[in-house]
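Next come the chains, spelled out residue by residue.
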Amino acid sequence: MYTSILVPFDGSAHSARALPVAAALAARTGAKVELVTVHDPSAYIPFVPGEVAIPVYDQELVQAHRERDQRALDDAVAQLRATGITATGALLDGTIVEALVEHMAAAGSDLVILTTHGRSGFARLRLGSVASALLTRATVPVLLVRGAGSEEPATPPTLPTGALLCALDGSSFAEAIVPHASTFAQATGMQLHLVAVTVPHAVSLAPFGTEALLADPEALEAESQIRDDYLQRIAATCPAGTTVHTITDMSAPQGILDAAAEKPCGAIALATHGRSGFRRFVLGSVADEVIRHAHVPVLVVRPLAH
């Protein structure tokens, strides 16, 4: 179970959307919540215009920004403590991603909760540099919470409920998400739902004068059975009540998203990339597409070895 939850916080309303989720999870598990703000002086250094732009270090400006960051951090920590949970704040100096990754390892965090940008929905999402870098370097699971899109009311997100869809592809790399998904499901009271996508094999019709492809029904049925047996074996190692579902779709990411909507699921869990396992299921690109288009929180883990 979680004991330490880390939330990157920059004082904005956007990053603050992760706070109610962290608070709710901490209330259920007894974990402490640590808000981390990174003060990067280079972000405030102005440049003198001219033939050659010259950076000018303004000590007063940098200090003013640092004090503003500290006040915002203190206020957010106080709000969390007012809900009855244990909360602390850390103001770090340095570049954002490097400071966060180093602090994450030193603090022994179990989970990172990070708000993603949601501009007009996840269909148009492009992960910011901080989120992208953390996903590729984080050594602990990261829960991506959707930001407030321009087409939606800025209602604060809540802890996900219902089913937690866990996407697998048959590889040990992808299976690295299973223990983390199981922990998250137990911590939130969600039901774990294992899903694998069968992408139809195809046979060429070129002998008939066309480049069209036709799905091979026998191969499709055989692979679907293999995936179903595989999911049943994994489910036997998961919390009681875990369910499984094999989907047939020409697109693995779309199959996962459709399954999440059909269940319906309150969150999705997957590994960031896995270039082995069942054919045609490359979880690296799949994870990226799912994150970009999902309308629910996404729990992501980057296995240390692959």
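Not measured: the values here are computed from a predicted model.

I'd like a rundown of the overall build of the chain, residues and numbers included.
Helix and strand counts for the chain stand at 10 helices and 14 strands. Scored against the burial criterion, the 306 residues of the chain give a buried share of 49%. For the chain, restricting intrachain contacts to residue pairs at least 6 apart in sequence, the fraction spanning at least 24 positions comes to 76%. A total accessible area of about 14500 Å² is found for the chain, and carbon and sulfur atoms account for 55% of it.

Now, about the environment of serine 224: what can you tell me, with residues and values included?
As for its position among the elements, serine 224 is in helix H8 (residues 217–235). Taking relative accessible area as the criterion, serine 224 reaches 18% and is therefore assigned buried. Separated by 23 residues in the primary sequence, serine 224 and isoleucine 247 have C-alpha atoms spaced 7.9 Å apart.

Give me the sheet that holds strand S7 (residues 142–146): which residues, what numbers.
A sheet is described by the order of its strands in space; here 10 strands give the open sequence S5-S2-S1-S6-S7-S14-S13-S8-S9-S12, paired in mixed fashion. Both edges of this open sheet fall to strand S5 (87–93) and strand S12 (243–248), since each of them pairs with a single strand only. When strand polarity is set aside, the average angle formed by the axes of neighbouring strands in this sheet is 25°. Of the strand pairs in this sheet, strand S13 (residues 265–271) and strand S14 (residues 298–301) are connected by four bridges, and their pairing is parallel. When the sheet's bridge partners are listed, isoleucine 268 is paired in S14 with valine 298.

I'd like to hear about the nonpolar core, residue by residue, with values.
Core analysis: the biggest nonpolar cluster contains 50 residues, and Val7, Val33, Leu35, Ile113, Leu164, Leu168 and Leu194 have the highest contact counts within it. Ignoring anything within four residues of it in the chain, the contact list for valine 33 reads Ile5, Val7, Ala22, Ala26, Leu80, Ile85, Thr86, Ala87 and Thr88. Within the second largest apolar cluster, 43 residues are counted, among which are Ala90, Val140, Val197 and Ala287.

Can you break down the pairing of S13 residue by residue, with the values?
When you tally the buried positions in S13, you get seven out of seven residues, the bulk of the element. Sheet topology places strand S8 (residues 163–167) next to S13; four bridges connect them, and they run parallel. Note that in S13 the partner of cysteine 166 across the bridge is alanine 269.

Before we move on, could you go through the pairing of strand S1 (residues 4–8) and cite the residues and values that matter?
On a regular strand, each side chain points to the face opposite its neighbour's, so the side chains alternate between the two faces of the sheet. Burial runs high along S1: five of the five residues are buried. By the bridge criterion, five bridges tie S1 to strand S2 (residues 32–39) in an arrangement that is parallel. Counterpart to leucine 6 in the pairing with S2 is glutamate 34. Of the pairings in the sheet, the one linking S1 to strand S6 (residues 111–116) comprises two bridges and is parallel in character. The residue of S6 that forms the bridge with isoleucine 5 is leucine 111.

Tell me about helix H2 (residues 19–29), and please be specific about residues and values.
Think of an α-helix as turning once every 3.6 residues; residues three or four places apart then point the same way. Three or more residues of H2 are buried, namely Leu19, Val21, Ala22, Ala23, Leu25, Ala26 and Thr29. Positive phi appears at glycine 30, one or two residues downstream of H2, with a value of about 80°.

Mind laying out H8, listing which residues take part and the relevant values?
Helix length check: H8, at 19 residues, gives a terminal C-alpha distance of 27 Å against a target of 27 Å (1.5 Å per residue), a fit within 8%. Burial in H8 covers these residues: Leu220, Glu223, Ser224, Arg227, Tyr230, Leu231, Ile234 and Ala235. All buried residues of H8 project into a common sector of 135° when viewed along the axis, lining one side. Exposed and facing more than 90 degrees away from the buried side of H8 are Glu218, Glu221 and Arg233.

Any chance you could break down the side chain of threonine 242 for me, citing the residues and the numbers?
By secondary structure assignment, the location of threonine 242 is in the loop between H8 and S12. Given the relative accessible area of 16%, threonine 242 is considered buried. There is a polar contact of 2.6 Å between the side chain of threonine 242 and the backbone oxygen of proline 239. Not counting the four nearest positions on each side in its chain, threonine 242 is found in contact with Leu192, Leu194 and Ala235.

Give a description of the pattern of salt bridges that names residues and reports values.
Tallied over the entire structure, the rule returns four salt bridges. In this structure, the salt-bridge partner of aspartate 69 is arginine 68, at a minimum N-O distance of 3.1 Å. Judged by relative accessible area, aspartate 69 falls into the buried class, the value being 5%. Exposure remark for arginine 68: the relative accessible area of 38% places this residue in the partly exposed category. When the shortest N-O distance is used, the salt bridge between arginine 137 and glutamate 98 registers 3.3 Å. In this pair, arginine 137 is assigned in helix H5 (residues 129–137) and glutamate 98 in helix H4 (residues 96–107), connecting sequence segments 39 residues apart. By relative accessible area, arginine 137 is classed as partly exposed at 35%.

Criteria and thresholds
- Residues numbered from 1 in each chain as written.
- Predicted model: local features only at pLDDT ≥ 70, side-chain atom pairs only at ≥ 80, totals over all residues.
- Heavy atoms only, no water.
- Helix = DSSP H or I, 4+ residues; strand = E, 2+ residues; numbered from the N terminus.
- Buried < 20%, exposed > 50% of the residue type's maximum accessible area, 1.4 Å probe, protein only.
- Contact = heavy atoms within 4.5 Å.
- Areas by Shrake-Rupley, 256 points an atom, 1.4 Å probe, with all protein chains shown as cover.
- Pairing = 2+ DSSP bridges.
- Axes fitted to C-alpha atoms, helices over the stretch in contact; angles between N-to-C directions.
- Core = buried A, V, L, I, M, F, W, Y, C linked by side-chain atoms within 4.5 Å.
- Expected span 1.5 Å × (residues − 1).
- Arc of directions from axis to C-beta.
- Polar contact = N/O pair within 3.5 Å; in protein donor to acceptor, adjacent residues only side chain to side chain.
- Salt bridge = Lys/Arg side-chain N within 4 Å of Asp/Glu carboxyl O.

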